[in-house]
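# Examination of the molecular architecture
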Amino acid sequence: MKKYILLILVMCTTTITMAQPRQRTLLDAGWKFIHADSVQAELPDFDDSHWRTLDVPHDWSIEYPYDENAATGGSGGYVESGIGWYRKHVTFGQKIEGKTVWLEFDGVYMNSDVWLNGHFLGNHPYGYTSFYYDVSAFVLEGDNVIAVRVDNSKQPNSRWYTGSGIYRHVWLTVTDPLHIGHWGTYVTTPDVSDSAAAVVIATTVVNDTKTPQNSTLVTTVRDSAGTPVAVEISKFTVDAQNSTIVRQKILMTNPRLWSLERPYLYKVEQEIKNKNRSIDSYVTTFGIRSIAYDVDRGFFLNGVHVKMNGVNLHHDGGCVGAAVPERVWERRLEVLKSMGCNAIRTAHNPPAPEFLDLCDRLGFLVLDEAFDEWRLGKREQAYHKYFDEWGEKDLISMIRRDRNHPSIVLWSVGNEIPEQKSDDGHLLLKTLQDICHREDPTRPVTLGCDNIAADGGSTTLEFLNTLDIVGYNYVDRWHERREHYFSIDRFNHPGWKKIGTESVSLSGIRGEYDLGDDPQVVSFRMPRSLIRVQELWKTVTLNDYVIGDFMWTGIDYLGEAFWPFKHAPAGAVDICGFPKDAYYFYQSQWCEKPVIHLFPHWNWPDRLGQIIPVFCYTNCTEVELFVNEKSYGAKRIEFPRQGNSGSWMHYDRPKIRATTGDLFLTWDVPYEPGIVKAVGKRDGKIVYTQKIRTTGKPAAIRLNIDRPKIKADGRDVVHFTVEIVDDEGNVVPTANNLVQFSVTGAGRLLGVDNGDPRDHHSYRLNERNVFHGLCLVIVKSNGAEGKIRLTAVSEGLKQATVEIEAVP
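Now for a look at the structure at hand. Model, not experiment: these values are computed from the prediction.

### Section: the overall build of the protein chain
From N to C terminus, the protein chain includes eleven helices and 47 strands. Dimensions of the protein chain, computed from the C-alpha atoms along their principal axes, are close to 85 × 70 × 55 Å. For the protein chain, with 808 residues in total, the buried portion stands at 60%. If you sum the accessible surface of the protein chain, you get close to 32500 Å²; carbon and sulfur atoms cover 49% of it. Here the protein chain holds 88 positive side-chain charges and 103 negative ones, and the gap between their average locations is 4 Å.

Structural data, given as structure tokens:
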């Protein structure tokens, strides 16, 4: 038994060696875990040999079956919560005495207690803010033991799925006692043009020694290729066991600006040098860009007007739970970008750091949100219990961690906060807003208000007047605002800047259509909220003073559901990342490229001869519909409609005789099997054609991959889209075949899902019924190099196999 325990300890140990002045090491691999409370598990010599070995990020809730009676309830997604312990061994391969050492957690849900070598470091209640401990006094040369207790047992504590555990990355940083502080570099670009830009860097330097220090800070700006483009050298003095801020200003000529279309990024590389010896180094990524908000004209990025075509996103990744690999978010953001989305609201909490890195790289605007509640709670065991002690600290942590991201253009200090109706709620709002202004004076502050003009107590005028930008959740919810939207407050409060922080979306379940209960007559139910959504979008896009709108939501998310549903089908994209019909509505409004999308599908064998409405989302000005080459007529859309120009009855563009005032088209068609074709035109020229067809029976499985190679790092993932197709290769939209999967080689199965909110099977099983012809398989690198092979089989269907490569 002793030999066995020794083997486990060696396998679970991370060795730290100092290869550079500041060594930041990822501590994700080789943790021991138990989903139970444990006595004395914080002690270094505790016997954890019977615990499970795993890597973090880790979410234990997603591993359990769904349970209608779970303490988390529908809000939390009907999942297991409870208490868990994690332990990890870290070995320092050289003398560590005299160094400054930080243990950093990107996110733990929730109520974490942390020990190092038996020394209690602290408690951190909030599950979404990053935090760290200075462990310099407790680290040992040789073996060190980290122990973390996570308590998510007090339920309910959230209105959506949270996950449980160390669900984000863990880091260990070792540096000199004279160093750049944690989150200590703050980069701003106060003056920006195409020809020149001022880059201002405020650097907090910390002196943990017992004597004053005189040193030099060398700051180098590098372009995306790594080429130095500017250098600034500053001498500084810092008192013993104190800190100072070194301020530098660099003027750059012909800078490459960060924009939505070309999100160009620079790096600031900093070194502290003492007697020509580098004793600390730190790298910060930033973008050069300007932002401005005008009460009449809305938002400007680099002097160019931009309407925020936004979505709200929760933090889970579907079948991977809250422990979301970076590639999962990258794929999801790529899907949203293709939809025309350019803005994300992080509902309703700070996201993972790598999520913001992706927004920087892909070109999204971000509304970074701190809280869902303050002192007045929404769930019995939620954050309000900790707000008085932790609210200001958590807000400061969010801002200091995130303020260098060029994607972030707006802070939010809350969502639907009950204090918005309180007589003194504006005072607490001002306190939080002042913190934002102090920590980052470059961005304004908003809050999602859902009670503006509400019956039964509305948001106070003092509260709204305090906000830099008034955030409207469901601006059209109350009374005449269903038609007048922002215009009432535009008239009554012309000084308010206004943004739609949350609004209704085209929610629904992918691939499901309601033709009514009468087998003889079709009674088709129009997509939910379609008219409401289109009328709101008309208002948003036509009025420059409306900064933009964030619809609820971009992607389906776990929780906030009612059994048998386990997740909320509110997104334009389903929880697997597959576009729904709604996706194409937004794409038709937010994109210039031609869009035509027809629905419902055309497999209705029991409805022969019955009238079925065919819907079309499009940005073509004219679309003609054909069924088996028979024309059902051309219909036309013009939005926004153009008026006369130059003289009466003269138009700048060809006159369009619109057949509807809607932003979509419909035809009533008697059903017959075959091909439905839509031919779209602009300015009289065919620019796009789309077809849907009656498919044959399921015949084969088809596997599609999102990329042919992944990194052999034990963290990277690949997505396999599983399609059930007929003999001609068409996806069968009614297919629900059970498919089994096997993974061999340098990968392992991470999760399987199909997007059905009523499917309660475990995501860890190696089989799934497809849902309306599709399902998703995510395979993760196991750390080895070589081939990864996925094989999919189903009774009666031709199987499929795909290989990808895991590379260094």
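Now that the structure has been shown, we can carry on.
### Some points on the nonpolar core
Grouped burial of nonpolar side chains is what soluble globular proteins tend to show. Ranked by internal contacts, the top residues of the largest apolar core, which has 126 residues, are Leu336, Met339, Trp374 and Leu395. Judged by nonpolar contacts, the second largest core, of 28 residues, contains Val56, Ile96, Val114 and Leu172.

### Remarks on unusual backbone geometry
Note the cis peptide between Ala347 and His348, where omega equals -15 degrees. Mapped onto the elements of the fold, His348 is located in the loop between strand 23 (343–346) and helix 4 (353–362). One non-glycine residue, Gln241, adopts positive backbone phi at about 50 degrees. Within the secondary structure, Gln241 sits in the loop between strand 15 (228–238) and strand 16 (242–253). Residue Glu629 is not a glycine yet carries a positive backbone phi of 70 degrees. Counting through the fold element by element, Glu629 comes out in the loop between strand 34 (622–627) and strand 35 (630–636). By relative accessible area, Glu629 is classed as exposed at 59%.

### Some remarks on the environment of Glu483
Turning to its location among the elements, Glu483 is positioned in helix 8 (residues 481–484). Classification of Glu483 as exposed rests on a relative accessible area of 61%.

### Comments concerning the packing of helix 3 (residues 326–339) against helix 4
Between helix 3 and helix 4, the least distance of the axes is 10 Å, while the angle of their chain directions is 40 degrees. For the element pair helix 3 / helix 4, the angle class is oblique. Between helix 3 and helix 4 lies a crossing whose hand is right-handed. Taken together, the residues of helix 4 that come into contact with helix 3 (itself represented by Glu326, Trp329, Glu330, Leu333 and Lys337) are Glu354, Phe355, Leu358, Cys359, Arg361 and Leu362.

### A few points about the packing of helix 5 (residues 387–402) against helix 6 (residues 425–439)
Two numbers describe how helix 5 lies on helix 6: the axes approach to 9 Å, and their chain directions differ by 30 degrees. Here helix 5 is positioned roughly parallel relative to helix 6, judged by the angle of their axes. Between helix 5 and helix 6 lies a crossing of right-handed hand. Counted together, Phe387, Glu392, Leu395, Ile396, Ile399 and Arg400 of helix 5 and Leu428, Thr431, Leu432, Ile435, Cys436, Arg438 and Glu439 of helix 6 form the full contact between these two elements. In the contact of helix 5 with helix 6, the residues fall into eight nonpolar, one polar and four charged.

### Quick word on the sheet that holds strand 6 (residues 100–105)
Strand order in the open sheet formed by four strands is 2-11-6-9, with antiparallel pairing between adjacent strands. Edge positions in the open sheet fall to strand 2 (23–26) and strand 9 (131–134), since each of these has one partner strand only. Across the sheet, the mean angle from the axis of one strand to that of its neighbour is 20 degrees, orientation sign disregarded. Sheet topology places strand 2 next to strand 11 (residues 170–175); four bridges connect them, and they run antiparallel. Looking across to strand 11, one finds that Gln23 is bridged to Val174.

### Describing the sheet that holds strand 13 (residues 196–207)
Strands sit in the order 12-13-16 across an open sheet of three strands; the sheet is antiparallel. Strand pairing shows two members of the sheet lacking a second neighbour, strand 12 (178–192) and strand 16, which therefore form its edges. For this sheet, the mean inter-axis angle between neighbouring strands, taken without regard to orientation, is 15 degrees. Bridge analysis of strand 12 against strand 13 gives nine bridges, and the strand direction is antiparallel. Bridge pairing in strand 13 links Asp191 to Ala198.

### Some words on helix 10 (residues 530–542)
With 13 residues, helix 10 should cover 18 Å at 1.5 Å per step; its first-to-last C-alpha distance of 18 Å lies within 8% of that length. For helix 10, the full list of buried residues reads Leu530, Val533, Gln534, Leu536, Trp537, Lys538, Thr539 and Val540. Against strand 22 (308–313), strand 28 (498–504), strand 29 (546–552), helix 11 (581–590), strand 33 (611–618) and strand 36 (664–670) lie the buried residues of helix 10.

### A closer look at the pairing of strand 18 (residues 277–286)
Relative to strand 18, strand 17 (residues 266–274) is paired through nine bridges, and the arrangement is antiparallel. Within strand 18, the residue paired with Tyr266 across the bridge is Phe286. In sequence, strand 17 turns back onto strand 18 through a hairpin of two residues, with Lys275 there showing a positive phi of about 55 degrees.

### A word on the environment of Trp563
Here Trp563 lies in the loop between strand 30 (557–558) and strand 31 (567–568). Along the backbone, Trp563 and Leu467 are 96 residues apart, and their C-alpha atoms lie at a distance of 38 Å. Those residues in contact with Trp563 that sit more than four places away from it in its chain are Tyr66, Asp67, Glu68, Tyr78 and His760. For Trp563, the side chain forms a polar contact with the side chain of Glu68, separated by 3.4 Å.

### Topic: helix 3
In this model helix 3 runs 20 Å from its N-terminal to its C-terminal C-alpha over 14 residues, within 8% of the 20 Å that 1.5 Å per residue would give. The buried count for helix 3 comes to ten of 14 residues, which makes it a mostly enclosed element. Turning to helix 3, its buried residues are Arg327, Val328, Trp329, Glu330, Arg331, Arg332, Leu333, Val335, Leu336 and Met339. Taken from the residues just after helix 3, Gly340 is the one with a positive phi, measuring 100 degrees.

Criteria and cut-off values
- Residues numbered from 1 in each chain as written.
- Predicted model: local features only at pLDDT ≥ 70, side-chain atom pairs only at ≥ 80, totals over all residues.
- Heavy atoms only, no water.
- Helix = DSSP H or I, 4+ residues; strand = E, 2+ residues; numbered from the N terminus.
- Buried < 20%, exposed > 50% of the residue type's maximum accessible area, 1.4 Å probe, protein only.
- Areas by Shrake-Rupley, 256 points an atom, 1.4 Å probe, with all protein chains shown as cover.
- Lys, Arg positive; Asp, Glu negative; His and termini not counted.
- Charge placed at Lys NZ, Arg CZ, Asp CG, Glu CD.
- Core = buried A, V, L, I, M, F, W, Y, C linked by side-chain atoms within 4.5 Å.
- Axes fitted to C-alpha atoms, helices over the stretch in contact; angles between N-to-C directions.
- Parallel < 35°, antiparallel > 145°, perpendicular 65-115°, else oblique.
- Left-handed = near helix turned anticlockwise from the far one by under 90°.
- Contact = heavy atoms within 4.5 Å.
- Nonpolar A, V, L, I, M, F, W, Y, C, P; charged D, E, K, R; others polar.
- Pairing = 2+ DSSP bridges.
- Expected span 1.5 Å × (residues − 1).
- Polar contact = N/O pair within 3.5 Å; in protein donor to acceptor, adjacent residues only side chain to side chain.

None of this, on its own, says anything about what the molecule does.
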